[in-house]
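Chain by chain, the residues run as shown.
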Amino acid sequence: MAFKNIITYILIMALIAVTLFNIYATATAKRRRKNAFQSYHAAMQPVEDKLLKHMKEFGLNYNKVKRLMTNNDEAVILAYDEKNDSGAIAMADDVLYFKKAELKSVEKAYTTEEHGKHVLKAEIKIGYNDTLYTYTMADKPFNPKGMMGKVISETVESFYDFINDIIKA
């Protein structure tokens, strides 16, 4: 009988420990989500302000907009006005305004380790007139099969698809 009581107490203590851990994890997850939301908006706001100012100045209406984040928490906004065939690729420190006819090409570029499973850098290269613009979406090594790698790959694909759709349209 005493052995069963000891096992029961051990199980009760384990359940209490698991419950306390779940409560802690839930509380910190809410805080992390709130902080991520605030940092996302803090990064996006100056870029959006630049685009809104340009939009009003030139009478544009960006009807296609895609917001992305790099792995360094830098905001990238892709915007396109279908009526005027013009768009913008905006970051905090650089904005490229373009006309559809001037876009020549877009490609994805991944720099990988020589004999490893990690990707060192993920970039988008855009041919605009006679200039090649390179946008770095990730410059820290990541495992492409990991969770962060999948997010980065989706971001690169989304950027590529947005520009490629403009070129092909």
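Residues numbered from 1 in each chain as written. Predicted model: local features only at pLDDT ≥ 70, side-chain atom pairs only at ≥ 80, totals over all residues. Heavy atoms only, no water.

Novice: Can you walk me through the sheet that holds strand 3 (residues 86–91) in this structure?
Specialist: Pairing is antiparallel in the open sheet, where 4 strands are placed in the order 1-2-3-4. Both outer strands of the open sheet, strand 1 (64–69) and strand 4 (95–99), are each paired with one neighbouring strand and no more. Each adjacent strand pair in this sheet contributes to an overall mean axis angle of 10°, direction not counted. Bridging between strand 1 and strand 2 (residues 75–81) involves 6 bridges; their strand directions are antiparallel. (Pairing = 2+ DSSP bridges. Helix = DSSP H or I, 4+ residues; strand = E, 2+ residues; numbered from the N terminus. Axes fitted to C-alpha atoms, helices over the stretch in contact; angles between N-to-C directions.)

Novice: What is the right way to read a negative patch on the surface from this model?
Specialist: Together, Asp73, Glu74, Asp93, Asp94 and Asp139 line one region of the surface with negative charge. By secondary structure assignment, the location of aspartate 93 is in the loop between strand 3 and strand 4. The exposure class of aspartate 93 is exposed, given its relative accessible area of 71%. (Patch = residues over 30% accessible without salt bridge, like charges linked within 9 Å, V, L, I, M, F, W, Y side chains within 5 Å. Areas by Shrake-Rupley, 256 points an atom, 1.4 Å probe, with all protein chains shown as cover. Salt bridge = Lys/Arg side-chain N within 4 Å of Asp/Glu carboxyl O. Lys, Arg positive; Asp, Glu negative; His and termini not counted. Charge placed at Lys NZ, Arg CZ, Asp CG, Glu CD. Buried < 20%, exposed > 50% of the residue type's maximum accessible area, 1.4 Å probe, protein only.)

Novice: Help me out: how do you make sense of a positive patch on the surface in this one?
Specialist: Positive charge collects at one region of the surface, where Lys30, Arg31, Arg32 and Arg33 lie side by side. Positionally, lysine 30 belongs in helix 1 (residues 2–58). We classify lysine 30 as exposed; its relative accessible area is 54%.

Novice: I'm lost on the confidence of the model for the protein in this one. Help?
Specialist: Any segment with low pLDDT has predicted coordinates that should not be analysed in fine detail. Looking at the protein, pLDDT values average 88 and 99% of them are 70 or higher. Element-level pLDDT for the protein is lowest in strand 4, with a mean of 87, against a maximum mean of 91 in strand 2. (pLDDT = per-residue confidence, 0-100.)

Novice: For this particular structure, what's the right way to read helix 1?
Specialist: Note that an α-helix has 3.6 residues per turn; residues three or four places apart therefore point the same way. Over its 57 residues, helix 1 runs 83 Å from end to end, which matches the ideal 84 Å to within 8%, given 1.5 Å per residue. Thr28, Ala29, Ala43, Met44, Val47, Glu48, Leu51, His54 and Met55 are the residues of helix 1 that are buried. Buried-residue contacts for helix 1 involve strand 1, strand 2, strand 3 and strand 4. In the segment just after helix 1, glycine 59 is the residue with positive phi, at about 65°. (Expected span 1.5 Å × (residues − 1). Contact = heavy atoms within 4.5 Å.)

Novice: Before we go on, may I ask you to explain the packing of aromatic side chains in this structure?
Specialist: Think of a pair of aromatic rings as described by two things: how far the centres are apart, and how the planes are tilted against each other in angle. What the rule picks out here adds up to 3 aromatic pairs. For the ring pair tyrosine 80 and phenylalanine 98, a centre distance of 6.5 Å and an interplane angle of 15° mean the geometry is stacked. You can see tyrosine 80 sitting in strand 2 and its partner phenylalanine 98 sitting in strand 4, a full 18 residues away along the chain. Comparing tyrosine 80 with phenylalanine 98 shows no difference in burial state: the two are buried. (Phe/Tyr/Trp six-rings, centres within 6.5 Å; stacked < 30°, edge-to-face > 60°.)

Novice: Sorry, what's going on with unusual backbone geometry here?
Specialist: Note: most residues except glycine have negative phi, and most peptide bonds are trans. Even without being a glycine, aspartate 73 presents a positive backbone phi close to 60°. Tracing the backbone through its elements, the reader meets aspartate 73 in the loop between strand 1 and strand 2. Aspartate 73 gets classed as exposed once you look at its relative accessible area, which sits at 55%.

Novice: Even after reading the chapter, I still don't get the sheet that holds strand 5 (residues 103–112), so can you show me in this structure?
Specialist: Adjacent strands of a sheet form backbone hydrogen bonds with each other and so pair up, either parallel or antiparallel. Spatial strand order, 5-6-7: 3 strands in an open sheet with antiparallel pairing. A single partner strand is all that each edge strand has here, and the edge strands are strand 5 and strand 7 (131–138). Here the strands of the sheet are splayed against their neighbours by 20° on average, with no regard to which way each runs. One ladder, built from 9 bridges, connects strand 5 with strand 6 (residues 119–128); its direction is antiparallel. Note that in strand 6 the partner of threonine 111 across the bridge is lysine 121. With respect to the sheet, helix 2 (residues 147–168) is in contact with strand 5, strand 6 and strand 7, its orientation differing from that of strand 5 by roughly 165°.

Novice: Mind showing me how you'd approach the pattern of salt bridges here?
Specialist: Counted by the stated rule, this structure contains 4 salt bridges. For glutamate 123, the salt bridge identified is with lysine 121, shortest N-O distance 3.7 Å. Overall, glutamate 123 belongs to the buried group, its relative accessible area being 10%. When its relative accessible area of 31% is taken as the criterion, lysine 121 is described as partly exposed.

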